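# Survey of secondary and tertiary structure
Chain by chain, the residues:
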Amino acid sequence: MNQLERNQSILHKYIPSPAVPIIADWIYLYDFKLKIKKSRSSKYGDYRPPLHSASNHHISVNRDLNPYSFLVTLVHEIAHLSNFRNHGDRVKPHGEEWKKEFKRLMQPFFELGFFPDDVHRALSRYLLNPAASSCSDIGLLRVLKGYDLENGTVFLEELPAGASFVFGKGRLFRKGEKIRKRFCCVEIGSEKKYLFNPLCEVARHAEPVAG
């Protein structure tokens, strides 16, 4: 098995199959090392330029993303790489040059037609003016995260006010009011308040029934 075949074998585990040949070719064309990382709450992926002329570009993506989220994140980072090759650090990381490059790199995947209708529509809207991160676009994030919900989990925004839920390692919370873009929730027991993203994945908690 040559390097291209090894890359394709690995990519099949993380992105939709129709996208594999394109991404495998880009790994060779753009000469970067792809690192699959464990979940990072602060980011889905990142790009690091070479430290010196003989080293590679480096891109990392979280391993726990669903195939559509993984692909969008990976193309986002490849756009950074391409932008760096074209402009160095003379332009803004998410300026007009990067937006133009990201749109160009996403186009082949739209032409393949493998995105579900809801993902296709959300991505099309997002690409009209791409943001620094797909997670900053609540509409796109809601659609993408809908493909990685585990059994028994829901988005916090789906629970009624006052409902209790489990988050993290068994921590129990009660949903409060929405403050700007986040919900203020109280941890049951400590009474400490925390702000939660509406699309935070939580487990429903059954309220005790009075006897």
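Residues numbered from 1 in each chain as written. Predicted model: local features only at pLDDT ≥ 70, side-chain atom pairs only at ≥ 80, totals over all residues. Heavy atoms only, no water.

Moving on, we come to helix α3 (residues 67-87). Three- or four-residue spacings in an α-helix give side chains the same orientation, since the helix completes a turn every 3.6 residues. Along its 21 residues, α3 runs 30 Å from first to last C-alpha, staying within 8% of the 30 Å computed at 1.5 Å per residue. Here α3 lies mainly inside the structure; 16 of its 21 residues are buried. Between the side-chain oxygen at the start of α3 and the backbone nitrogen of Y68 there is a gap of 3.0 Å, and the oxygen is on N66. One or two positions beyond α3, positive phi appears at G88, with a value near 65°. (Helix = DSSP H or I, 4+ residues; strand = E, 2+ residues; numbered from the N terminus. Expected span 1.5 Å × (residues − 1). Buried < 20%, exposed > 50% of the residue type's maximum accessible area, 1.4 Å probe, protein only. Polar contact = N/O pair within 3.5 Å; in protein donor to acceptor, adjacent residues only side chain to side chain.)

Turning next to the environment of L156. Mapped onto the elements, L156 comes out in the loop between β4 (153-155) and β5 (164-167). By relative accessible area, L156 is classed as buried at 0%. Sequence-wise, L156 and C185 are 29 residues apart; in three dimensions their C-alpha atoms are separated by 10 Å. Every residue in contact with L156, bar those within four places of it in the chain, is listed here: F165, K175, F183, C185, F196, N197, P198, C200 and V202. (Contact = heavy atoms within 4.5 Å.)

Bringing the sheet that holds strand β3 (residues 57-62) into the picture now. An order of β1-β3-β2 is seen for the three strands of this open sheet, with the pairing classed as mixed. Edge positions in the sheet fall to β1 (32-37) and β2 (45-48), since each of these pairs with one other strand and no more. Going across the sheet, the axis of each strand differs from the next one's by a mean of 15°, ignoring polarity. Here β2 pairs with β3 via four bridges, running antiparallel. Bridge assignment links Y47 to a residue of β3, and that residue is I59. Taken strand by strand, α3 contacts β1, β2 and β3, and its axis lies near 160° from that of β3. (Pairing = 2+ DSSP bridges. Axes fitted to C-alpha atoms, helices over the stretch in contact; angles between N-to-C directions.)

This next bit is on the packing of helix α5 (residues 117-126) against helix α6 (residues 138-145). The N-to-C vectors of α5 and α6 enclose an angle of 155°; their axes lie 9 Å apart at closest approach. Taken together, the axes of α5 and α6 are roughly antiparallel relative to one another. Classified by chirality, the crossing of α6 by α5 is left-handed. Where α5 approaches α6, its residues D118, V119, A122, L123 and Y126 are matched on the opposing element by G139, L140, V143 and L144. Of the residues belonging to the contact of α5 with α6, the class tally is seven nonpolar, one polar and one charged. (Parallel < 35°, antiparallel > 145°, perpendicular 65-115°, else oblique. Left-handed = near helix turned anticlockwise from the far one by under 90°. Nonpolar A, V, L, I, M, F, W, Y, C, P; charged D, E, K, R; others polar.)

Looking at the secondary structure, you find I10 in helix α1 (residues 3-11). Between the alpha carbons of I10 and V20 there is a distance of 9.3 Å; along the sequence they are 10 residues apart.

This paragraph deals with the pattern of salt bridges. Applying the stated criterion across every chain, the model contains eight salt bridges. Here R40 and D46 are joined by a salt bridge, their closest N and O atoms 3.7 Å apart. Here R40 falls in the buried class, since its relative accessible area comes to 18%. K99 is the partner of E96 in a salt bridge, and the nearest nitrogen-oxygen pair spans 3.9 Å. Taken together, the residues E96 and K99, both in helix α4 (residues 96-112) and three residues apart, mark about one turn of the helix. A residue is classified by how much of its surface remains accessible, and E96, at 57% relative accessible area, is exposed. Each of R40, K43, D46 and R48 takes part in one network of salt bridges that share partners. (Salt bridge = Lys/Arg side-chain N within 4 Å of Asp/Glu carboxyl O.)

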